[in-house]
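# Structural overview for review
These are the residues of each chain, in order.
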Amino acid sequence: MIGLGLAAALPAAAQAREGLKVMSFNVRLPIASDGPNRWEARRDLFVETIRRADPDIIGTQELWKIQGDHLVTKLPQYSWFGIDRRGGHGDEHMGVFYRRDRLRLIEMGNFWLSDTPEVPGSISWGESLPRMATFGLFETIPGGKRFWFFNTHFAHRAEDEAARTKAAELIAARIAALPGDAPVVLTGDFNTIPDSAAHRALTAGLADAWDTAAARTGPAGTFHGFTGKPDRRIDWVLARGLTTVKAETDIFGANGRYPSDHFPVVVDYRWR
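Residues numbered from 1 in each chain as written. Predicted model: local features only at pLDDT ≥ 70, side-chain atom pairs only at ≥ 80, totals over all residues. Heavy atoms only, no water.

## A word on the nonpolar core
Our working rule: Working definition of a nonpolar core: buried Ala, Val, Leu, Ile, Met, Phe, Trp, Tyr and Cys residues. They are joined through side-chain atoms within 4.5 Å. For the exposure calls, accessible area comes from a 1.4 Å probe over protein chains only, and a residue counts as buried if that area is under 20% of its type's maximum, exposed if over 50%, partly exposed in between. Put simply, DSSP H or I for four residues or longer makes a helix, DSSP E for two residues or longer makes a strand, and each gets a number counted from the N terminus. Here a residue-residue contact requires only that any non-hydrogen atoms of the pair lie within 4.5 Å.
Within the largest apolar cluster, 24 residues are counted, with the highest numbers of intra-cluster contacts made by Phe111, Trp148, Phe150, Phe154, Ile171, Leu186 and Leu202. Take this core: its biggest share by element is five residues, from helix α3 (residues 161-176). Each residue touching Trp148, except ones within four places of it in the same chain, is listed here: Glu107, Phe135, Gly136, Leu137, Leu178, Pro179, Ala182, Pro183, Val184 and Val185. Residues Phe149, Ala213, Val265 and Tyr269 belong to the second largest nonpolar core, which totals 23 residues.

This is the structure:
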């Protein structure tokens, strides 16, 4: 677990929210070849995007440890956890961030999107890289409402469509096997469009927030390649046991720069 060492005494007057505010955010790995869009040039925008949205919980993709640690240094009300796709901390994480004054982490874990999901770094289905999911069981402060949170990043190549479907089926089976009836939220960069077998596999048991929200803000597309002009809707927030109040594609940027090559998706849920 990373970031929990920053935990301090929780505010005595922590206020219960009427619901749960969720963000899914592919933050784009720190790589020098991004030039003017490299991590050092956009990290302040990254922090400001989260500060402005003020989510209770965030599922990130392409997150490296340096990025996660930067966020909790700048916004110390958050903690984060997760390991990287090879089982350590030197590669991409499915980092989960949460507000310590609003949520308590009860249980956490990881599994890999493969035929051997308990084996760190395992690869199946012709994928070129390990793919994984990080999850946690949370409880609201105050209120004690429990929910499960899953976060993932599917294979990226065009030829990986079958692998994405298998990954979706694996996650759907894991969620279906959860004990009890606590709500479940799944965030991720799924690298495929809603008209796909992967989306159908997941929405057999989960509702896509963009489709079910009472109100929507921003463009449907989420990937924009640092242009600000999105095309595909590949970043989704899905859930069961919650009512979707609002879904937003957050297009915040400044001076022609954006915090990532993806727009984050922010969803307001109401407890049932």
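## A look at the sheet that holds strand β10 (residues 215-217)
What counts is decided by this rule: The pairing criterion is simple: DSSP has to find at least two bridges between the two strands. Interaxial angle, 0 to 180 degrees, is taken between N-to-C directions of lines fitted to C-alpha atoms, where a helix line uses only the stretch in contact.
The sheet built from seven strands is open, its strands ordered β3-β4-β2-β1-β13-β12-β10 with mixed pairing. Two strands lie at the open edges of the sheet, namely β3 (78-81) and β10, each paired on one side alone. Recorded for the sheet is a direction-independent mean angle of 20° between the axes of neighbouring strands. Pairing geometry for strand β1 (residues 19-26) and strand β2 (residues 57-61), over five bridges, is parallel. From the neighbouring strand, Ser24 faces β2, where its bridge partner is Gly59. Its contacts with the sheet put helix α1 (residues 39-53) on β1, β2, β3 and β13 (265-271), and the angle it makes with β1 is roughly 165°. Sitting on the sheet, helix α2 (residues 65-74) touches β3 and β4 (96-99), and the angle it makes with β3 is about 160°.

## Focus: the sheet that holds strand β6 (residues 132-140)
In space, the six strands of this open sheet follow the order β5-β6-β7-β8-β11-β9, with mixed pairing throughout. The strands lining the two open edges of the sheet, one partner per strand, are β5 (103-112) and β9 (207-208). Where strand β7 (residues 146-153) and strand β8 (residues 184-189) come together, six bridges link them in parallel fashion. Pairing of Phe150 across the sheet is with Leu186, part of β8. Strands β5, β7, β8 and β11 (235-240) of the sheet are contacted by α3, whose axis makes an angle of about 140° with β5.

## What about the pairing of β11?
Counting buried residues in β11 gives five out of six residues, a clear majority hidden from the surface. Relative to β11, β8 runs antiparallel, the two sharing six bridges. Each bridged residue has a counterpart across the sheet, and for Val185 the counterpart in β11 is Ala239. Here two bridges tie β9 to β11, and the two strands are oriented antiparallel to one another. Paired with Asp208 across the two strands is Leu238, which belongs to β11.

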